[in-house]
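Chain and residue survey
Chain by chain, the residues run as shown.
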2 protein chains.
Amino acid sequence: MRNHAEELRALQDTLYFIGGKWRLPVINAICNGHRRFREIERSIPGITTRMLSKELKEMEMNNLVTRTVYADTPVLVEYAPTAYCRSFGTIIQEMIRWGRQHRKTILKGRADKP
Amino acid sequence: MRNHAEELRALQDTLYFIGGKWRLPVINAICNGHRRFREIERSIPGITTRMLSKELKEMEMNNLVTRTVYADTPVLVEYAPTAYCRSFGTIIQEMIRWGRQHRKTILKGRADKP
DNA sequence: TTATCTGGTATACTCTATGATACTGGTTAC
DNA sequence: GTAACCAGTATCATAGAGTATACCAGATAA
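Quantities reported herein were computed from a predicted structural model and do not represent experimental measurements.

Quick look at the relation of the copies chain B and chain A now. Under the fitted operation, chain B is carried onto chain A by 0.0 Å of movement along the axis and a turn of 180 degrees, and the coordinates agree to an RMSD of 0.1 Å. Put plainly, the chains are arranged around a two-fold axis. Closest approach to the rotation axis among the C-alpha atoms of chain B is made by Ile91(B), whose C-alpha sits 3.1 Å away. In this assembly, 100% of the residues forming the interface of chain B have copies in chain A that are likewise at the interface, indicating an isologous arrangement.

Structure below.
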C-alpha cells in the first residue's frame, strides 16, 4: 500500500530487464552449470538457435554472462554466469516453487477451478 | 543441476502464467488495496483501459480476482484478490527487491557497466 | 448546461518478439 | 566420402501483445 508508485517502478524495471520468455530459462541453465552453446540449447527444449544466440548476446552486453573463447582446435566457447546473473537466483527459485505448487493444485483439480 | 528438466518446466509454467507486462503490476495493485477499475487504472500509469479490462477478465477466469457488482446507483464494481492471487506475493516482493537493487547499482554507475 | 466521474467496449493499427528453415566453415568419427 | 558434431548467422514470415482513439450510458457536481 505504502509508496505504491516506487514499488511499481521497481517491479516494472525487473520485468523489463527479464523481458521475453527465454531470459530466465537461459539464466537458470547457465547457473545450473551448462556452459557450452549447444549444451545450453539442448537443456532448454523448444528454444531455437536464433533465440539463444540473441539472448546470449544481450546477456553478455548486460554483464549477465561472460563469453570465453578457447582457441584450440576445435574452437571451444564457454558461457559463465556473473554475480549479477546469480542475483536472479531467489526470483527464479520462487518462480520454480510457484510453478510446482501450481501444477500440484491443477492436478488435484482445484484452485484455479473453484 | 539436479532434475533440471523439472525445474525448467515449473519455471516456464510460471512464466507462462504471468504472461505479458501487465499481469504482475495488476496483481500487485489489487493486493495493495486498489479495488475499483479506475482506481487500479490510475495506480498503474501507462496501462490502457483496454489492457486493464483484458487482464481483469483473464484474471477472473483464472480465479485470481473476484469481481463483485454492487447494484446501487451508481453501480459500483469491486475487484478483490483471491488467495491464489496473493500466492504471487513472494515472487513480486523478490522482483521489487531486485529492481530496487538494480536501480541503486545503475545509479552508482557500476555492475552492468563494468 | 456543461463537464466529469463511473465501468467499461469497439475498432484500427503497429510492431516486435518469436518461430521456421536453411546455411556456413571447421573438426572429428565411421 | 559422408555423416555428425561445434558455434553460430541469415532470411523470411507471422501471431498476437500492446497502443491509440473514440465512444457508450448513467450519475454527480459546478
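To continue, consider unusual backbone geometry. Notably, Asn63(A) is not glycine yet its phi reads approximately 60 degrees, a positive angle. Inspection of the secondary structure puts Asn63(A) in the loop between helix H4 (49-61) and strand S1 (65-70).

With that settled, consider the protein's contact with DNA strand C. Taken together, 19 residues form the shell around DNA strand C, and within it Arg36(B), Arg38(B), Ser53(B), Arg67(B) and Tyr79(B) come nearest. Within 4 Å of the protein, the atoms of DNA strand C are drawn from sugar and phosphate moieties in a proportion of 56%. Here a phosphate oxygen of DNA strand C and a side-chain polar atom of Arg36(B) are 2.7 Å apart. Within the side chain of Arg42(B), one N or O atom sits 3.3 Å away from a phosphate oxygen of DNA strand C. Counting residues per element, the ones that place at least two in the surface near DNA strand C are H4 of chain A together with helix H3 (37-43), helix H4 (49-61) and strand S2 (76-81) of chain B. Sorting elements by how many residues they give to the surface near DNA strand C places H4(B) first, with 4 residues. Considering only residue class, the surface near DNA strand C consists of 6 nonpolar, 4 polar and 9 charged.

A few words now on the protein's contact with DNA strand D. By nearness alone, 17 residues border DNA strand D, and Arg36(A), Arg38(A), Ser53(A), Arg67(A) and Tyr79(A) come closest of all. At a separation of 2.7 Å, a phosphate oxygen of DNA strand D approaches a polar side-chain atom of Arg36(A). In the environment of DNA strand D, a base oxygen lies 2.9 Å from a nitrogen or oxygen atom belonging to the side chain of Arg50(B). The set of elements that each furnish at least two residues to the surface near DNA strand D consists of helix H3 (37-43), H4 and strand S2 (76-81) of chain A together with H4 of chain B. The element best represented in the surface near DNA strand D is H4(A), accounting for 4 residues. Split by residue class, the surface near DNA strand D holds 6 nonpolar, 3 polar and 8 charged.

So, about the pattern of salt bridges. It is possible for side chains of opposite charge to pair when their charged atoms get near one another. One pass over the structure, following the stated rule, counts 12 salt bridges over all chains. Note that Arg100(B) is salt-bridged to Glu6(A), the shortest N-O span being 2.7 Å. Of this pair, Arg100(B) sits in helix H6 (residues 89-107) while Glu6(A) sits in helix H1 (residues 4-18), which puts the two residues in different chains. Exposure remark for Glu6(A): the relative accessible area of 21% places this residue in the partly exposed category. In this structure, Arg23(B) and Glu58(B) form a salt bridge, with 2.9 Å as the shortest nitrogen-oxygen distance. On the criterion of sequence distance, the pair formed by Arg23(B) in helix H2 (residues 23-31) and Glu58(B) in helix H4 is long-range, its members being 35 residues apart. Arg23(B) sits in the buried class, given a relative accessible area of 4%. Put simply, Arg23(A), Glu55(A) and Glu58(A) are held in one network by salt bridges that share partners.

The sites that carry the UniProt feature "domain: HTH hxlR-type" (unreviewed entry) are, in the present numbering, residues 5-107 of chain A. For residues 5-107 of chain A, the helix share is 64%, the strand share is 12%, and the end-to-end C-alpha distance is 37 Å.

Calculation notes
- Residues numbered from 1 in each chain as written.
- Chains lettered and ligands numbered in written order.
- Predicted model: local features only at pLDDT ≥ 70, side-chain atom pairs only at ≥ 80, totals over all residues.
- Heavy atoms only, no water.
- Least-squares fit on C-alpha atoms with pLDDT ≥ 70 in both.
- Contact = heavy atoms within 4.5 Å.
- Helix = DSSP H or I, 4+ residues; strand = E, 2+ residues; numbered from the N terminus.
- Near = heavy atom within 4 Å.
- Polar contact = N/O pair within 3.5 Å; in protein donor to acceptor, adjacent residues only side chain to side chain.
- Nonpolar A, V, L, I, M, F, W, Y, C, P; charged D, E, K, R; others polar.
- Salt bridge = Lys/Arg side-chain N within 4 Å of Asp/Glu carboxyl O.
- Buried < 20%, exposed > 50% of the residue type's maximum accessible area, 1.4 Å probe, protein only.
- UniProt positions renumbered as here; feature names shortened; annotations may be inferred.

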